[in-house]
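Close look at the chain arrangement
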Amino acid sequence: MKLSGSQLREFEEQGLLFLGDCFSPAEVAVLRRAADEVYAQDRPEVWRESSGAPRTAFAAHTYNDAFRRLGAHPRLIEPVMQILGGPVYMHQYKVNAKAAFDGEVWQWHQDYGTWRRDDDMPEPRAMNIAVFVDEVTAANGPLLLIPGSHRQGVQEAGHDLETTSYPLWTLDRATVTRLADEGGLVAPTGPAGSMLMFHGNLVHASPPNISPWARTIVYLSLCHVDNHIRRFKRPEWIAHRDFTPIKPLADDCLIQP
Ligand code: SIN
Ligand code: MN
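Right, let's walk through the structure included here. (Residues numbered from 1 in each chain as written. Chains lettered and ligands numbered in written order. Predicted model: local features only at pLDDT ≥ 70, side-chain atom pairs only at ≥ 80, totals over all residues. Heavy atoms only, no water.)

A closer look at the environment of W169
The topology assignment puts W169 in strand β9 (residues 168-170). Here W169 is in contact with W108, H109, T114, R117, D118, A157, G158 and H159, once residues within four sequence places are set aside. Polar side-chain contacts of W169 include one of 3.0 Å to the side chain of D118. (Helix = DSSP H or I, 4+ residues; strand = E, 2+ residues; numbered from the N terminus. Contact = heavy atoms within 4.5 Å. Polar contact = N/O pair within 3.5 Å; in protein donor to acceptor, adjacent residues only side chain to side chain.)

Regarding the pairing of strand β10 (residues 195-199)
Judged by how many residues are buried, β10 sits mostly within the fold: five of five residues are covered. Judged by which residues are buried, β10 turns out to be covered on both faces: M195, M197 and H199 on one side and L196 and F198 on the other are all buried. One ladder, built from four bridges, connects strand β1 (residues 16-19) with β10; its direction is antiparallel. Each bridged residue has a counterpart across the sheet, and for L19 the counterpart in β10 is M195. (Buried < 20%, exposed > 50% of the residue type's maximum accessible area, 1.4 Å probe, protein only. Pairing = 2+ DSSP bridges.)

Observations regarding helix α5 (residues 111-119)
Among the nine residues of α5, eight are classified as buried, and the element is accordingly described as predominantly covered. All of the buried residues along α5 are D111, Y112, G113, T114, W115, R117, D118 and D119. Positive phi appears at D120, one or two residues downstream of α5, with a value of about 55 degrees.

Focus: the packing of aromatic side chains
To describe a pair of aromatic rings, one takes the distance between the centres and the angle between the planes. This structure, assessed with the given rule, holds seven aromatic pairs. Aromatic side chains F67 and Y93 sit 6.2 Å apart centroid to centroid with 65 degrees between the ring planes, which places their arrangement in the edge-to-face category. Note that F67 is positioned in helix α3 (residues 65-70) and Y93 in strand β4 (residues 88-96), a separation of 26 residues in sequence. Across the pair, Y93 and F67 agree in class, each one buried. Site record: aromatic cluster; members linked through ring pairs are W47, F58 and W237. Seen from the ring of Y63, R43 lies directly overhead, with NZ or CZ sitting 3.7 Å from the centre. Against the face of W106 rests R55, its NZ or CZ located 4.2 Å from the ring centre. (Phe/Tyr/Trp six-rings, centres within 6.5 Å; stacked < 30°, edge-to-face > 60°. Lys NZ or Arg CZ within 6 Å of the ring centre and 35° of its normal.)

A look at the nonpolar core
Soluble globular proteins tend to pack their nonpolar side chains together in the buried interior. F67, L70, Y93, V95, M197, L220 and L222 are the most contacted members of the largest nonpolar core, which has 41 residues in total. At the level of elements, β1, α2 (25-39), α3, α4 (74-84), β4, β6 (126-132), β10 and β12 (217-224) are the ones that each hand at least two residues to this core. With seven residues, α2 is the largest single contributor of residues to this core. Filtering out sequence-adjacent residues up to four positions away, L222 remains in contact with L76, I77, V80, L84, V88, Y89, M90, R125, A126, M127, I129 and I246. (Core = buried A, V, L, I, M, F, W, Y, C linked by side-chain atoms within 4.5 Å.)

A word on the coordination of the manganese ion (ligand 2)
Binding of the manganese ion (ligand 2) to the protein goes through H109 (NE2), D111 (OD) and H204 (NE2), at separations of 2.1 to 2.2 Å. Of note, the manganese ion (ligand 2) draws all its donor residues from one chain, in the sequence arrangement H-x1-D-x92-H. One end of the pair, D111, is in helix α5; the other, H204, is in strand β11 (residues 204-206), and 93 residues separate them in sequence. Of the two residues examined, D111 and H204, each falls in the buried class. (Donors = N, O, S within 2.8 Å, 3.2 Å for Na, K, Ca; no water.)

Structure follows, in structure tokens:
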């Protein structure tokens with residue numbers, strides 16, 4: 001799949017691009033089943049909320065076949081190669097549950113802030129591409145993003161080891177207020193099968209999910225192969241060390257394995 005000139009300009013300007021109709025109901029059903037399979041597993045890659053509900057299944061592409069295929073899906077890999085200007089490898093892979101009633105907050109952060117500080121990734125030539133596995137609404141903990149915030153580079157951040165089960169370099173309130181006053185806030189919502197891509201420096205967060213509806217989103221964090229990480233401080237399944245370029249599979253790989 002190729003992005004048009006106007007989509008590329010929108011990404012450059014806003015730091016994000018949302019496509020509401022990327023994966024079919026049959027493809028979503030494959031991913032839905034896969035999410036339930038990985039959440040049911042008791043393994044170090046599957047992190048839980050204090051309630052025991054699943055929070056994040058890291059590296060699910062290494063132990064689930066449907067997620068392996070999604071990790072090389074041409075509708076995800078090709079647009080990112082186009083934006084990053086060459087071959088990419090998988091830096092991180094997350095299946096985020098945001099469980100009904102129990103899904104907890106993700107504080108304000110920039111993903112590249114963490115990739116630089118923890119993993120020594122040289123440049124922000126890396127980004128997220130996400131697939132909604134459930135419908136995302138205003139009620140079930142959508143992502144909140146500050147358009148244009150990627151153009152202001154890496155912000156000061158503090159290492160938050162307490163708020164949630166996942167350590168994160170988070171931004172202070174004054175910085176978030178200034179950036180949101182300038183750029184506003186968007187919360188992309190849409191049906192299961194929607195796709196959202198955003199720049200590694202885009203400031204974002206997500207509120208708790210108090211609704212009765214779960215909200216799984218899968219995130220591929222892809223990095224240009226020349227920009228691979230230099231420090232191996234975090235576990236391999238959080239910050240991958242296999243820098244092999246991803247070869248996109250066939251377009252029907254999810255339903256015709
Ligand atoms: C993230 O920022 O990496 C995840 C946020 C979310 O899934 O709500
Ligand atoms: Mn993030």
